[in-house]
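Close look at the chain arrangement
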Amino acid sequence: QVQLVESGGGLVQAGGSLRLSCAASGRTFSSYAMGWFRQAPGKEREFVAAITWSNGYTYYADSVKGRFTISRDNAKNTVYLQMNSLKPEDTAVYYCGAGPRLSTYDYWGQGTQVTVSS
């Protein structure tokens, strides 16, 4: 059974930092892409960042480029999202996803709340 478990969310002031973690288990993810998405109240889920597990290529939404960094630890089967210079508009539930390609995600975590106060 595939499981993605996010952690690391919380409340932070604008300009602060948080690091989200996504621990993956239940299958081999070596050929997969791992992504972070977020959903704010009343809005659709949107792409934030992604990384290919095999070679570590990274992709970012324009809104987070230069502020967020996605990385992976193969030994721990864990993907991270380092979020710096946080803004109130970054407030959302952040979800981790895994899929066979960057455009397709088959598995999702339960989400972790990030709240940025002004």
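Here, the structure is the one placed above.
Read on for a plain summary of the structure. Since the structure is predicted, the reported quantities are computational estimates derived from the model, not experimental observations. (Residues numbered from 1 in each chain as written. Predicted model: local features only at pLDDT ≥ 70, side-chain atom pairs only at ≥ 80, totals over all residues. Heavy atoms only, no water.)

A closer look at the overall build of the protein
A count of helical and extended segments in the protein gives zero helices and 11 strands. Reading the protein from its N end, one meets helices and strands in the order β-β-β-β-β-β-β-β-β-β-β. Taken against the 2.2 N^0.38 rule, which gives 13 Å for 118 residues, the C-alpha radius of gyration of the protein at 13 Å falls within 12% of a compact globule. C-alpha atoms of the protein, sized along the principal axes, occupy 40 × 25 × 25 Å. Counting every position in the protein, which comprises 118 residues, the buried fraction comes to 42%. Once local pairs closer than 6 in sequence are excluded, the contacts in the protein between residues at least 24 apart make up 53%. (Helix = DSSP H or I, 4+ residues; strand = E, 2+ residues; numbered from the N terminus. Rg over C-alpha atoms; globule rule 2.2 N^0.38 Å. Buried < 20%, exposed > 50% of the residue type's maximum accessible area, 1.4 Å probe, protein only. Contact = heavy atoms within 4.5 Å.)

Some words on the pattern of salt bridges
Taken as a whole and assessed by the stated rule, the structure comprises four salt bridges. Glu 46 is the salt-bridge partner of Arg 38, the closest N and O atoms lying 2.6 Å from each other. For Arg 38, a relative accessible area of 6% puts it in the buried group. Taking the shortest distance from any N to any O, the salt bridge between Arg 38 and Asp 90 comes out at 2.9 Å. You can see Arg 38 sitting in strand E4 (residues 33-39) and its partner Asp 90 sitting in the loop between strand E8 (78-83) and strand E9 (92-99), a full 52 residues away along the chain. The same class applies to Arg 38 and to Asp 90, which are both buried. Three or more residues joined by partner-sharing salt bridges are found here, namely Arg 38, Glu 46, Arg 67 and Asp 90. (Salt bridge = Lys/Arg side-chain N within 4 Å of Asp/Glu carboxyl O.)

A few points about the state of the cysteines
Inspection of every chain in the model, using the stated rule, returns one disulfide. Bridging Cys 22 to Cys 96, the disulfide has an S-S length of 2.0 Å. In this structure the cystine formed by Cys 22 and Cys 96 twists about its S-S bond by roughly -75 degrees; its chirality is therefore left-handed. Within this pair, whereas Cys 22 is found in strand E3 (residues 18-25), its partner Cys 96 is found in strand E9, the two being separated by 74 residues in sequence. (Disulfide = S-S within 2.5 Å.)

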